[in-house]
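# Understanding the architecture of this molecule
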Amino acid sequence: MRLREMQLVKGYIWAILAVAMALALFITFYTFSCQDIHRYLTRTDVSVSSDSDSWKAAAQSEFLLADWLNVANHKRLSVDLDWSSIKMKPKPEKSEMNDKWVVITTINYPTDDVKKLAKMDGWKVVVVGDTKTPSDWSHPNCVFLSVKRQKELGYRIADLLPYKSYARKNIGYLYAIQHGAKYIYDTDDDNHPTSGKLEFHDKEKGEYYIYKTSANVVNPYANFGQRTIWPRGYPLQNISAPMVKTFVKCKNVQTSIQQGVVDGDPDVDAIFRLTRKDENVRLDVKFDPKAPPILLPPGTMAPFNSQNTFFLDKGLWALLIPITTKFRVCDIWRGYWGQRLLWEIGGHLSFFPPNAMQYRSAHDYHLDFVDEVDLYNDAGRLVEFLREWKSPRKDFFSRALDLTVSMVDNRFMFPKDAILTEAWLYDLVSIGYKVPSLSPTPKECKEIIQDKVVLEPNEQPSSYLSAGKKLVRVS
């Protein structure tokens, strides 16, 4: 009996130890959150080492203006940078200059959409090549930047950009700005303006309807007649929130970044594509073309992409695409970064009624889902972070770099993007771009034309499972 009792006691002890170990693992797991584990294990550009090691590795890059070892220690930009010390590059020949540029990157020969873009009156197209782009790429009214030509331009960002990356488009943005751009149309090689010309406002200021809300985010697709569709990068926890239909009409409002809604196959996330259309059926929805352009007030955000977006001179700095995020995340994180900084210089993000058409090639939407996981997990957290973020820096470019450093510290991106941001801002100054002055966007419209305007959207039919090609109108 004594032997049996001893065996039972040993069994109890091992059971208690097993429970204790499981509890310890449970506590450790939740201390180092699921999202953090996912981030570190799925990234290919950062090892599972400490944050300080990642910062120090990035800081080995050539020093430009910032003391990156100091940034690595404090996780903030602790001083304003002297942008006036940057040496200016010589101006291009007058014959190479133009004030309107379309920027795309491609691995294909000129598509029908690219050919249509090249025909737009008054516009030039700069095409950024990659390692898979045909070396003999050529088309009238297009400037092709081969990989070799990109290196010859002498931009600081060139050595920081990976190949086979959408972020190589950054070189095209700099080329356009250096060659006189006051307007840049940011798009891809698979869409084109519906009418054959751009339908945005080419003035920095104008009369607009501004959302009258204190909501963290709004879904602009709803205001253009598709309230059951949401843009890629929209926080999932806000999908079921009530639509905002109340606006203030104002004049002399600045909007230097304008996103156009796209008919056909708009930029929605993989969750929508996997759950709202039948297999082998092409998404083909329409938005209300008669709805007016709408602006977001400071404190309220919405995702925007790089596929039908018009940047005016005062917003050209916001074109920078990050390099340490996934492909399906990079332009969305850029958009949130850029619209937060607009609030520092008196600007607003705007959305315009449908003015472009896009049809995408069929592909594996589950792979898109995997690539978009950071959007699903972190978009809401990013919005909250950006709404609370403040910087003591005294000039706009130092403040822009400080925001990137803070986004790195909060694990929305990684240190290489902070280095890239400084190089980007450095390049902008070196090619003659004028740094915007700090002038916070007012919380309330200063010149009200009409207060509290309710704009009822004209609801359009939409796509649903088991409906095939038929679009269904929600009552």
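Residues numbered from 1 in each chain as written. Predicted model: local features only at pLDDT ≥ 70, side-chain atom pairs only at ≥ 80, totals over all residues. Heavy atoms only, no water.

### Quick notes on the side chain of Thr 421
Note that Thr 421 resides in helix H14 (residues 415-430). Of the residues examined, Thr 421 reaches a relative accessible area of 3% and is grouped as buried. Those residues in contact with Thr 421 that lie beyond four places of it in its chain are Leu 320, Trp 337, Leu 401 and Thr 404. (Helix = DSSP H or I, 4+ residues; strand = E, 2+ residues; numbered from the N terminus. Buried < 20%, exposed > 50% of the residue type's maximum accessible area, 1.4 Å probe, protein only. Contact = heavy atoms within 4.5 Å.)

### Quick word on the pattern of salt bridges
Tallying each qualifying case throughout the model produces 18 salt bridges. Residue Arg 227 pairs with Glu 459 through a salt bridge whose shortest N-O separation is 3.4 Å. Here the residue Arg 227 occupies a position in the loop between helix H8 (220-223) and strand S7 (246-254), and Glu 459 occupies one in the segment after strand S12 (448-454), the gap between them amounting to 232 residues. When the shortest N-O distance is used, the salt bridge between Arg 399 and Glu 344 registers 2.7 Å. With Arg 399 in helix H13 (residues 396-409) and Glu 344 in the loop between helix H10 (327-342) and strand S11 (349-358), this residue pair connects regions lying 55 residues apart in the sequence. Just as Arg 399 is buried, Glu 344 falls in that class too. (Salt bridge = Lys/Arg side-chain N within 4 Å of Asp/Glu carboxyl O.)

### Some points on the environment of Ile 257
Counting through the fold element by element, Ile 257 comes out in strand S8 (residues 257-264). Once residues within four sequence positions are removed from consideration, Ile 257 is found in contact with Phe 304, Thr 309, Phe 310, Phe 311, Gly 315, Ala 318, Leu 342, His 348, Leu 349 and Ser 350.

### A short note on the packing of H10 against H13
Remark: H10 packs on H13, axes separated minimally by 11 Å, with the N-to-C direction vectors making an angle of 140°. Here H10 lies oblique to H13, going by the angle between them. Between H10 and H13 the crossing geometry is right-handed. Counting all contacts with H10, which are made through Trp 337, Arg 340 and Leu 341, the residues of H13 involved are Phe 396, Arg 399, Ala 400, Leu 403, Thr 404 and Met 407. Of the residues that constitute the contact of H10 with H13, the class distribution is six nonpolar, one polar and two charged. (Axes fitted to C-alpha atoms, helices over the stretch in contact; angles between N-to-C directions. Parallel < 35°, antiparallel > 145°, perpendicular 65-115°, else oblique. Left-handed = near helix turned anticlockwise from the far one by under 90°. Nonpolar A, V, L, I, M, F, W, Y, C, P; charged D, E, K, R; others polar.)

### Brief notes about the environment of Arg 149
Here Arg 149 shows up in helix H6 (residues 147-152). Judged by relative accessible area, Arg 149 falls into the partly exposed class, the value being 34%.

### A look at helix H12 (residues 373-388)
Between its first and last C-alpha atoms H12 spans 24 Å; for 16 residues at 1.5 Å apiece the expected length is 22 Å, and the two agree. The principal kink in H12, of about 45°, is found at Ala 379. Those residues of H12 not exposed but buried are Val 373, Asp 374, Leu 375, Tyr 376, Asp 378, Ala 379, Gly 380, Leu 382, Val 383, Phe 385 and Leu 386. (Expected span 1.5 Å × (residues − 1). Bend = angle between axes of the 7 residues up to and from the residue.)

### A few points about the packing of aromatic side chains
Considering all chains together, one arrives at 22 aromatic pairs under this definition. Ring geometry for Trp 123 against Phe 310: centres 6.3 Å apart, planes inclined by 55°, an arrangement best described as tilted. With a gap of 187 residues between them, Trp 123 in the loop between helix H5 (112-118) and strand S2 (124-128) and Phe 310 in strand S10 (residues 308-312) connect regions that are remote in the sequence. A residue is classified by how much of its surface remains accessible, and Trp 123, at 9% relative accessible area, is buried. With a centroid separation of 5.8 Å and 70° between ring planes, the pair formed by Trp 317 and Trp 337 is classed as edge-to-face. Here Trp 317 is found in the loop between S10 and H10, whereas its partner Trp 337 is found in helix H10, with 20 residues between them in sequence. Like Trp 317, the residue Trp 337 is buried in the burial classification. Clustering of aromatic rings is evident, with ring pairs tying together Trp 123, Tyr 183, Tyr 185, Phe 200, Tyr 208, Phe 310 and Phe 352. Its end group placed over the ring of Tyr 464, Arg 276 keeps NZ or CZ at 4.2 Å from the ring centre. A cation over a ring is seen here: Arg 282 above Tyr 359, with NZ or CZ 3.9 Å from the ring centre. (Phe/Tyr/Trp six-rings, centres within 6.5 Å; stacked < 30°, edge-to-face > 60°. Lys NZ or Arg CZ within 6 Å of the ring centre and 35° of its normal.)

### Describing the nonpolar core
One finds Trp 68, Ile 157, Trp 317, Trp 333, Phe 397, Trp 424 and Leu 428 to be the most contacted residues of the largest nonpolar core, which totals 102 residues. Ranked by the residues each element gives to this core, the list is headed by H14, at nine residues. Residues within four places of Trp 317 in sequence aside, it is in contact with Trp 337, Gly 338, Leu 341, Leu 342, Ile 345, Phe 396, Phe 397, Trp 424, Leu 428, Tyr 433 and Pro 436. Of all hydrophobic cores here, the second largest spans 28 residues; its members include Leu 117, Phe 200, Cys 250 and Phe 352. (Core = buried A, V, L, I, M, F, W, Y, C linked by side-chain atoms within 4.5 Å.)

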